[in-house]
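# Report on the structure
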Amino acid sequence: MRRPALALATSVTLAAPVGCGGGDSPPPAAGAEAPRPTAAASLRTLATGLRVPWGVAFLPGGDALVSERTTGRIMRVPRGGGTPRAVMTVPGVATQLGEGGLLGLAVSPAYATDRLVYAFYTTASDNRIARFRLGATPRPIRTGLRNGPVHNGGRLAFGPDGKLYVGTGEAGDTGLAQDRGSLNGKILRLEPDGSVPADNPFRGSPVYSLGHRNVQGLAFDRAGRLWATEFGQNERDEINLIRPGRNYGWPVVEGVGSTQGGRFTNPQVTWATSEASPSGAAIRGSTLYVGALVGQRLWRVPLRGARAGRPTAVLQNRFGRLRTVATAPDGALWITTSNRDGRGVPRSGDDRIVRLRP
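Here the structure is a predicted model, which is why all the values come from computation and not from measurement. (Residues numbered from 1 in each chain as written. Predicted model: local features only at pLDDT ≥ 70, side-chain atom pairs only at ≥ 80, totals over all residues. Heavy atoms only, no water.)

## A few points about the overall build of the protein
A tally of helices and strands in the protein yields one helix and 26 strands. Long-range contacts, defined here as pairs at least 24 residues apart, represent 57% of the contacts in the protein between residues at least 6 apart. Counting only carbon and sulfur atoms, one obtains 48% of the accessible surface of the protein, whose full area is about 12,900 Å². (Helix = DSSP H or I, 4+ residues; strand = E, 2+ residues; numbered from the N terminus. Contact = heavy atoms within 4.5 Å. Areas by Shrake-Rupley, 256 points an atom, 1.4 Å probe, with all protein chains shown as cover.)

Pasting the structure below:
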């Protein structure tokens, strides 16, 4: 059974390391506060007119590739901002399946020589990961992940070890999160060709951690530690510090609860689901930044080694639902909105990418 989180006087809870969470919550009420003017040097719009931008990956020169979830297109946005240009439509993407579609993107660490781009996307039969050169036919490197109208996960990130990390959701079937034979409700660790690294925690398995509901944010700190965001169900959203082989509890535990004698790992931070629905995550220096969908804000979380401090909110109600946060090569944060996903209230110019210099 699910155990409730241990709430503080405020709605943010800090805990000992790590847990579970997941799925977009209902839309906010219409009439949210419009963006206010701010100093151009710290916050400005880079691109507008996008269709539910989801993945953001930077090319060596600083331009960004941006996936559109509901069109299957990959757009290129100049590093200084400007009109997005379609560079490819990924074939076979099922763009009408609930939260599915063209999701996470990653650029190969060796892009200068191999020119490879990685994408996580939904097809009519599964979720899969493929790699390709822009404009070429994608070559799947991992197929057969359960798809569903909700909880498809989808985030991709290369770690400092050169491995590809993948956040997956349990596709609405909670039992998959605890099933080590399933790739759903997990964080996966793969070689760039999709094979299983020899030093993964479970021999012969791509599973790196389990017991997740819907992981849409992955970020590595300067010490190489992996932090992940996770959607809760009715009570608590989470930030987890990911350790190899750990079980983060879903669906037995939501938020902070009994570890059952060390079987489960508690989250570092939890929020009420009305304040977050945390999706993309990025680390700049010693601060973790998390985009909130229902919370319509950017959460700023100080990291103190392997512990997370108390979050503070910025950009609250400024741009609506915030999906992805990515650290650009120049250190600025690129933040995408998700107001045209059927759960938001679109504003003129949506969806957009804004750049924040903390």
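## Quick word on the sheet that holds strand 11 (residues 156–158)
In space, the four strands of this open sheet follow the order 11-12-13-14, with antiparallel pairing throughout. Each of the sheet's edge strands pairs with one partner strand only, and the pair in question is strand 11 and strand 14 (207–210). This sheet shows a mean twist of 20° between the axes of neighbouring strands, independent of strand direction. Bridge count for strand 12 (residues 164–167) against strand 13 (residues 186–190) is four bridges, and the pairing is antiparallel. Its bridge partner lying in strand 13, L164 is registered against L190. (Pairing = 2+ DSSP bridges. Axes fitted to C-alpha atoms, helices over the stretch in contact; angles between N-to-C directions.)

## Considering the environment of L333
Note that L333 resides in strand 25 (residues 333–337). L333 sits in the buried class, given a relative accessible area of 0%. Sequence-wise, L333 and L356 are 23 residues apart; in three dimensions their C-alpha atoms are separated by 5.1 Å. In contact with L333, other than residues within four places in its own chain, are A282, R284, Y289, V325, A326, T327, V354, R355, L356 and P358. (Buried < 20%, exposed > 50% of the residue type's maximum accessible area, 1.4 Å probe, protein only.)

## A look at the sheet that holds strand 7 (residues 102–107)
Strand order in the open sheet made by the four strands is 7-8-9-10, with antiparallel pairing throughout. In the strand order of this sheet, the two ends are held by strand 7 and strand 10 (139–145), each with one partner. Looking at each pair of strands side by side, their axes are set apart by 15° on average, direction ignored. Across four bridges, strand 9 (residues 127–132) lies against strand 10 in antiparallel orientation. For R131, the partnering residue across the bridge sits in strand 10 and is R139.

## Things to note about the nonpolar core
Formed by 19 residues in total, the largest nonpolar core has its most connected members in Y118, F120, I129, L156, L164 and V166. Residue contacts for L164: discarding those within four places in its chain leaves A106, Y118, I129, I141, L156, A157, F158, L188, R189 and L190. (Core = buried A, V, L, I, M, F, W, Y, C linked by side-chain atoms within 4.5 Å.)

## Section: the side chain of R321
Considering the arrangement of structural elements, one finds R321 in the loop between strand 23 (312–314) and strand 24 (322–327). Within the structure, the side chain of R321 is placed 2.8 Å from the side chain of D341, a separation counted as a polar contact. (Polar contact = N/O pair within 3.5 Å; in protein donor to acceptor, adjacent residues only side chain to side chain.)

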